[in-house]
Amino acid sequence: LTIQEDGNDIVGFSDGSSYNNPGPAGSGAVIFACKGSDKKFICGVQLSLGAGSNNYAEYIGLYLSQIMISLAGVTKACFQTDSDLLASRSKAYIR
């Protein structure tokens, strides 16, 4: 997997959920190269986690996007999530 950083912003989108929290859980992540309002799909992955909590599934989704971006050799990327927990915890580590 190679992503050219020719003026594109690399963005990882992630999500996770569980049924009946805790319960059967799954995570997913996709990577896009974005330039202005144009988005180009690069890759995606989904993972069935078995039993787990919603928070666990959200974290695994973020890890999946980080792993894909890291394997591609990208040194600068943005991550987007709909999880308030991930967003608030991530801000603490970024500072």
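What you see is a predicted model; the values in this text were computed from it and never measured.

About the cut-offs
Residues numbered from 1 in each chain as written. Predicted model: local features only at pLDDT ≥ 70, side-chain atom pairs only at ≥ 80, totals over all residues. Heavy atoms only, no water. Helix = DSSP H or I, 4+ residues; strand = E, 2+ residues; numbered from the N terminus. Expected span 1.5 Å × (residues − 1). Buried < 20%, exposed > 50% of the residue type's maximum accessible area, 1.4 Å probe, protein only. Polar contact = N/O pair within 3.5 Å; in protein donor to acceptor, adjacent residues only side chain to side chain. Contact = heavy atoms within 4.5 Å.

A short note on helix α1 (residues 54-71)
Inference 1: Helix length check: α1 (18 residues) gives 26 Å between terminal C-alpha atoms against 26 Å at 1.5 Å per residue, within 8%.
Inference 2: Among the residues of α1, those classed as buried are Ala 57, Glu 58, Ile 60, Gly 61, Leu 62, Leu 64, Ser 65, Met 68 and Ile 69.
Inference 3: Gly 73 sits one or two positions beyond α1 and adopts a positive phi of about 80°.

Regarding the side chain of Ser 18
Inference 1: In this structure, Ser 18 sits in strand β1 (residues 9-18).
Inference 2: Among the polar contacts listed, one links the side chain of Ser 18 to the side chain of Asn 21, at a separation of 3.3 Å.
Inference 3: A polar side-chain atom of Ser 18 sits 3.2 Å from the main-chain amide nitrogen of Asn 54.
Inference 4: Filtering out sequence-adjacent residues up to four positions away, Ser 18 remains in contact with Gly 23, Pro 24, Ala 25, Gly 52, Ser 53 and Asn 54.

Everything listed here is a matter of coordinates, which is why it stays silent on function.
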